[in-house]
Amino acid sequence: MPPKRAAPSSAAASKPPAKKSRPSTEGTGTENAAAPEPTRDPRWAPLSGSANADMNYKITMSNPVEAYSFTLLCQPPFPNSDEDDEDDEEDEEDEEEEDEAPKKQRCDGGKTCICSKPASEYPDHPWKLSVAGKTKYFIQHTQCDLRDPDNFGMYTFNDHMAYGVLEVIQNLFLDYQNASDNVKEQWAVCEALGLLLACGRGMEMSMIDDGELFEKTLLLVGHLFLSMLARLERENLLSKDSEILNLGTIMAIYMMIAAQTDGGFQANPPKESIGPKKDGKNWRPTEFPSHILAYARKYDIELVGPHNIEELVSEAKEDADLPVPESNTGAKADPFGFEKALKAYSLRYRGVTQFLSKRKKAGKTPIGGDALDITSWTSAERKASAYDGKDPFGAKEIAALKKGDVLGMR
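For every chain, the first residue of its written sequence is number 1, and the numbers climb from 1 along that sequence. Only residues with pLDDT of 70 or above have their local features reported here, since the model is predicted, and side-chain atom pairs are shown and tallied only from 80 upward, although totals for entire chains, interfaces and linings are computed over all residues. With hydrogens and water set aside, each side-chain value is computed from the structure's full complement of heavy atoms.

**Section: unusual backbone geometry**
Argument step 1. With a phi angle near 60°, Asn236 is a residue other than glycine that sits in the positive phi range.
Argument step 2. Under the scheme used here, helices are H or I runs from DSSP no shorter than 4 residues and strands are E runs no shorter than 2 residues, and both carry numbers assigned from the N terminus. Within the fold, Asn236 resides in the loop between α7 (211–234) and α8 (247–260).
Argument step 3. Phi angles above zero are rare outside glycine, and Asp300 is one such case at about 55°.
Argument step 4. Tracing the chain through its elements places Asp300 in the loop between α9 (288–298) and α10 (309–315).

Structure, rendered in structure tokens:
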């Protein structure tokens, strides 16, 4: 199990979960009473912290004007230089030493930094997110924390946390698919997925004992993001002046993810057609960064954000094919084959997390769901895996779950 990550740099981030800590309750956002209550997704168990978090997101993001406006992060929620990895260890020493160079301002969640300010106030700042994307991103950390038995003083099986992260990422695949009628919501999913993988959750997922499943999951990420870019092109939203203000940053992050996880690409999958075979264009899914770069150059989008972006660009291939826009319509509007790949992935890995949790009826979905979410387990199931033989949830926490509250770790 890799060491616990630091909390993301934002006011919306939770504090790092403490070992054997008890869950706390947070509001569900139901103050927005004017908005109709969204439908509960059938992938969730009857009682589930994941379900509550998902419902909270849907309710709080029900106003599209607010949800898809852009806000700022003062800095990325992951190390972004060669020195950043050592910063935390040297903090105390740095405070006692005088440095000729000005120190980078620490994120304090918007008290003095620029987090949560409107993106229009700092148009050249690269770290912008839609409010929906930012909210969904932080919710995924909550989802991951609920799938870590260490947080509840429990032992289940060695890779529970790693497979829990996989389950969360699979849920993002389903979120993207479910948002097929809303391009901006699909982009919010891409923002959340990209940042989640970039901030270290991808490395946690790599601890699963199924290398093929890890690799296929990464390849599906590439299918998803390129299908997203093709849709943005189709809807005239792919340009340097796009109303989607963080195109260059999110595109660069996905190139970075591929570089970080390149060791996971053990196989060399065959080339696949891009769009109709008559167009004669193809791609190899392991090379999706090259196609991201091709889109950036085609539409003069500046790739910004990751400190090593020049290196990422230099490593990408120069001759990557892109789909013919005129062919990317109607029933063929998925030129990079995300839906086809998702279907094959779902059939191949159907019920993996349910099987591992020994809870085959934990949800009604082939992938994703909440079988590894400790809050969805019965009290007897939690007691059976608890070090002290007691349910880590008391009556207060169980009542909060039933009420629909979101549980976070403190």
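**Considering the packing of aromatic side chains**
Argument step 1. Only rings of Phe, Tyr and Trp enter the pairing, Trp through its six-membered ring, and a pair is recorded when the two centres are within 6.5 Å. The plane angle decides the type: under 30 degrees is stacked, over 60 is edge-to-face, the rest tilted. Under the definition given, this model contains 11 aromatic pairs.
Argument step 2. Their ring planes at 85° and their centres at 5.7 Å tell us that Phe78 and Trp127 sit as a pair that is edge-to-face. With a gap of 49 residues between them, Phe78 in the loop between β2 (70–72) and α3 (84–96) and Trp127 in the loop between α3 and β3 (128–130) connect regions that are remote in the sequence.
Argument step 3. Consider the rings of Trp187 and Phe225, whose centres lie 6.0 Å apart with planes at 35°: the pair is tilted. Taken together, the residues span a long stretch of sequence, with Trp187 in helix α6 (residues 183–205) and Phe225 in helix α7 at a distance of 38 residues.
Argument step 4. Exposure remark for Trp187: the relative accessible area of 2% places this residue in the buried category. To sort residues, take the accessible area from a 1.4 Å probe on protein chains only and compare it with the maximum for the residue type: under 20% means buried, over 50% means exposed, and anything in between is partly exposed.

**With respect to the layout of surface pockets**
Argument step 1. A 1.4 Å probe that fits into a set of points on a 1 Å grid over the protein atoms alone but cannot get out defines a cavity; an open set with protein on both sides within 12 Å along at least five of seven lines defines a pocket, and lining residues are those with an atom within 4 Å of a point. Grid points are joined across faces, edges and corners, and a volume is the space filled by probe spheres set on the points. Counted as a void, the second largest pocket has a volume near 610 Å³.
Argument step 2. If you trace the second largest pocket, you find 25 residues lining it, with His223, Glu272, Gly337, Lys340 and Ala341 closest to the centre.
Argument step 3. Put simply, the parts of the chain that give the lining of the second largest pocket at least two residues each are α7, β4 (272–273) and α11 (338–348).
Argument step 4. Of the residues contributing to the lining of the second largest pocket, the split by class is 13 nonpolar, 4 polar and 8 charged. Asp, Glu, Lys and Arg are counted as charged, while Ala, Val, Leu, Ile, Met, Phe, Trp, Tyr, Cys and Pro are counted as nonpolar; the rest, among them Gly, fall into the polar class.

**Comments concerning the state of the cysteines**
Argument step 1. Here, the term disulfide refers to a pair of cysteine sulfur atoms separated by no more than 2.5 Å. Using the criterion set out here, one finds 0 disulfides in the structure.
Argument step 2. Left without a disulfide partner, Cys74 is nearest to the cysteine sulfur of Cys115, which lies 3.8 Å away.
Argument step 3. Here Cys74 falls in the buried class, since its relative accessible area comes to 16%.

**Examining empty space enclosed by the protein**
Argument step 1. This model, assessed by the stated rule, comprises 4 cavities of 30 Å³ or more.
Argument step 2. Space inside the largest cavity adds up to approximately 90 Å³.
Argument step 3. For the largest cavity, the full set of lining residues is Arg43, Trp44, Asp54, Tyr57, Lys136, Ile139, Gln140, Gln143, Arg147, Val168, Asn171 and Asp175.
Argument step 4. Looking at the lining of the largest cavity, the elements with two or more residues in it are α1 (49–60), α4 (131–145) and α5 (160–178).
Argument step 5. Broken down by element, the residue count for the lining of the largest cavity peaks at 4 residues, all from α4.
Argument step 6. By residue class, the composition of the lining of the largest cavity is 4 nonpolar, 3 polar and 5 charged.

**A word on the nonpolar core**
Argument step 1. To form a nonpolar core, buried Ala, Val, Leu, Ile, Met, Phe, Trp, Tyr and Cys residues must be joined to one another through side-chain atoms within 4.5 Å. With 87 residues, the main nonpolar core has Trp187, Leu229, Leu232 and Met251 as its most contacted residues.
Argument step 2. Setting aside chain neighbours within four positions, we find Leu232 in contact with Val183, Trp187, Leu237, Leu238, Ile244 and Leu247. The contact rule is simple, with two residues in contact once any of their heavy atoms fall within 4.5 Å.

**Concerning the side chain of Ser242**
Argument step 1. Considering the arrangement of structural elements, one finds Ser242 in the loop between α7 and α8.
Argument step 2. Accessibility expressed as a relative area gives 8% for Ser242, which makes it buried.
Argument step 3. Under the rule applied, a polar contact is a pair of N or O atoms within 3.5 Å (in protein, one hydrogen donor and one hydrogen acceptor; residues adjacent in sequence only if both atoms are side-chain atoms). A polar contact of 3.0 Å, which involves the side chain of Ser242, links it to the backbone nitrogen of Ile244.
Argument step 4. With residues near it in sequence (within four places) discarded, Ser242 still touches Leu237 and Leu247.

**Let's talk about α5**
Residues spaced three or four apart along an α-helix point in a common direction, a consequence of the helix completing one turn every 3.6 residues.
Argument step 1. To estimate the expected span of a helix, count its residues, drop one, and scale the result by 1.5 Å. With 19 residues, α5 should reach 27 Å at 1.5 Å per residue; the first-to-last C-alpha distance of 26 Å fits that figure.
Argument step 2. Burial analysis of α5 places 17 of its 19 residues in the buried class, which makes it a mostly covered element.

**A word on the pattern of salt bridges**
Where charged atoms from two side chains of opposite charge approach closely, those side chains can pair.
Argument step 1. Salt bridges are counted wherever a side-chain nitrogen of Lys or Arg sits within 4 Å of a carboxyl oxygen of Asp or Glu. Applying the stated rule across the entire model yields 17 salt bridges.
Argument step 2. Asp145 is paired through a salt bridge with Arg201; the nearest N and O atoms lie 3.3 Å apart. With Asp145 in helix α4 and Arg201 in helix α6, this residue pair connects regions lying 56 residues apart in the sequence. Note on accessibility: Asp145 and Arg201 belong to one class, buried.
Argument step 3. Three or more residues are tied together by salt bridges with common partners; here these are Asp41, Arg43, Lys136 and Asp175.

**A short note on the packing of α7 against α11**
Argument step 1. Axis definition: a line fit to C-alpha positions, over the contact stretch in the case of helices; interaxial angles, taken between N-to-C directions, run 0 to 180 degrees. Contact pair α7 / α11: the axes reach a minimum separation of 9 Å and the direction vectors enclose 160°. The angle between α7 and α11 falls in the class roughly antiparallel. The element α7 and its partner α11 pack so that their crossing is left-handed. Taken together, the residues of α11 that come into contact with α7 (itself represented by Glu212, Leu213, Lys216, Thr217, Leu220, His223, Leu224 and Ser227) are Phe338, Ala341, Leu342, Tyr345 and Arg348.
Argument step 2. Residues of the contact of α7 with α11, tallied by class, amount to 7 nonpolar, 3 polar and 3 charged. An angle counts as roughly parallel when it lies under 35 degrees, as roughly antiparallel when it exceeds 145, as roughly perpendicular when it falls between 65 and 115, and as oblique in every other case. For any pair of crossing helices, the crossing counts as left-handed if the nearer helix is rotated counterclockwise from the farther one by less than a right angle, and right-handed if it is rotated clockwise.

**Details of α6**
Argument step 1. Here α6 spans only 27 Å end to end across 23 residues, well under the 33 Å set by a 1.5 Å rise per residue.
Argument step 2. Within α6, 20 of the 23 residues are buried, which leaves it mostly tucked inside the rest of the structure.
Argument step 3. One side-chain oxygen at the N-terminal end of α6 lies 3.2 Å from the backbone nitrogen of Lys184; it belongs to Asn182.

All quantities given are derived from atomic positions and should not be read as evidence of function.
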